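# Notes for the structure review
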Amino acid sequence: MRVLVTGGAGYIGSTAVDILTTQGYEVSVFDDCSTGHGDNVPTGITFIQGSLLNRSEIAQALKGCDAVMHFAGKSLVGESVEKPELYWSVNVGGTRNLLDEMRVARISKLIFSSSAATYGEPEVLPILESASNKPTNAYGATKLAVDAMITDEARGHGLSAASLRYFNVAGALKSTRGWLTERHNPETHLIPNVLRSTPANPVKIFGSDWPTKDGTCIRDYVHVVDLIDAHIKALNSLSKPGHEIFNLGSGGGYSVREVIAAASDAIGSQIPFIDSPRRAGDPAVLIADISKAKRVLGWEPTRNLEAMVSDTLASFG
Ligand code: UFG
């Protein structure tokens with residue numbers, strides 16, 4: 001089976017490329033390298049550098065493929081609030097183009113990178129896939145819109161698809177060519193920022209007055225390797241037209257202070273931090289209910305927070 005990995009030069013997509021090829025899948029990569037890195041793509045892999053906004057480039061990339069894992073997209077919550085048009089254009093318009101070209105190429109299997117940001121501020125914890133969708137930013141709104149588009153594509157044109165709603169992806173994979181890890185600019189994610197904290201530039205804790213046990217936000221962290229394992233299980237579960245949505249997290253949560261404590265243990269000294277104001281748009285607690293992915297896909301995350309921290313630390317050299 002040949003899988004087109006859109007966004008295959010990015011952090012999560014390149015991890016998928018590595019694991020898919022290790023498991024014997026044929027892989028093509030499609031990426032515009034706006035946030036991804038061309039050097040993440042192994043030599044010998046079919047790599048089309050192109051844009052989701054260009055249908056002929058998508059058509060070229062889909063040649064010979066049997067399925068698509070669609071990671072490509074804009075993914076910064078803060079940026080999405082400032083530039084909503086960019087998110088609607090790339091995430092929604094780009095995915096519309098991809099679905100149209102998949103239909104032309106008669107490719108009917110799709111795994112889509114959705115997000116917990118579709119749920120917004122949760123009313124009930126842990127969050128089930130059936131929870132209400134009230135995204136609080138354009139990023140979450142565009143992921144939700146794409147999920148709706150995929151549902152209609154499955155109904156109208158027989159697409160067989162799964163949307164995977166990521167909670168907080170972390171960790172890194174050591175490939176034969178070195179570490180595949182987060183290389184965002186700017187970096188907004190907690191674990192890389194904690195590991196890069198220095199006394200002169202301490203990591204900021206965004207709010208210490210949240211209604212949680214230690215006053216800091218709680219998130220559900222999942223290792224990128226476990227995340228890709230779920231993608232492959234989801235791909236193999238696609239057998240008939242339809243669209244299923246799965247949460248991917250660990251089913252448990254850690255506070256920002258607990259992440260800093262785990263990272264301090266990993267490096268053997270206290271990580272410097274500074275209590276700072278809340279970040280706009282952050283919910284207090286996000287924890288996934290992952291029972292559907294466990295039950296339907298037979299998936300189980302196996303790597304804990306310590307592994308996510310130590311792999312990220314090792315990947316930073
Ligand atoms: N945080 C800090 N300091 C930092 C960075 C983050 O205190 O320097 C806090 C945040 O306020 C939040 C937690 O650490 O409480 C995690 O923040 P991240 O930026 O690492 O991740 P988010 O939970 O904001 O966002 C992640 C993904 C989004 C996705 C969302 C869905 O990055 O793409 O999960 O739950 F939309």
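Data block above holds the structure.
### Section: the pattern of salt bridges
In total, this model carries 20 salt bridges according to the counting rule given. In this structure, Arg 219 and Asp 282 form a salt bridge, with 3.7 Å as the shortest nitrogen-oxygen distance. With a gap of 63 residues between them, Arg 219 in strand β11 (residues 218–219) and Asp 282 in the loop between β15 (273–276) and α9 (291–297) connect regions that are remote in the sequence. A single network of salt bridges, built from pairs that share partners, joins Arg 55, Arg 96, Asp 100, Glu 101, Arg 103 and Glu 153.

### Things to note about the site of the ligand
In the vicinity of the ligand lie 23 residues, with His 189, Lys 204, Arg 219, Arg 279 and Asp 282 positioned nearest. When the ligand sits alone it has 690 Å² of accessible area, and the protein chains cover 91% of it. Here the shell around the ligand gets four residues from one element, more than from any other, and that element is strand β10 (residues 203–206). Of the residues contributing to the shell around the ligand, the split by class is 13 nonpolar, six polar and four charged. Two domains each provide a minimum of three residues to the shell around the ligand, namely domain 1 (2–170 + 221–247) and domain 2 (173–220 + 251–315).

### Thoughts on the layout of surface pockets
Over the atoms a probe the size of a water molecule is rolled, and this reveals where empty space is left. What the second largest pocket holds in volume is close to 200 Å³. Secondary-structure elements contributing two or more residues to the lining of the second largest pocket are β6 (160–166) and β13 (242–248). Here the lining of the second largest pocket takes four residues from β13, the largest share from any one element. Looking at side-chain class alone, the lining of the second largest pocket contains six nonpolar, five polar and two charged residues.

Basis of the calculations
Residues numbered from 1 in each chain as written. Predicted model: local features only at pLDDT ≥ 70, side-chain atom pairs only at ≥ 80, totals over all residues. Heavy atoms only, no water. Salt bridge = Lys/Arg side-chain N within 4 Å of Asp/Glu carboxyl O. Helix = DSSP H or I, 4+ residues; strand = E, 2+ residues; numbered from the N terminus. Near = heavy atom within 4 Å. Areas by Shrake-Rupley, 256 points an atom, 1.4 Å probe, with all protein chains shown as cover. Nonpolar A, V, L, I, M, F, W, Y, C, P; charged D, E, K, R; others polar. Domains from an automatic or database assignment. 1 Å grid on protein atoms, 1.4 Å probe; cavity = no way out; pocket = protein on both sides within 12 Å on 5 of 7 lines; lining within 4 Å. Points joined across faces, edges and corners; volume = space filled by probe spheres on them.

Just geometry here; none of it tells us what the structure is for.
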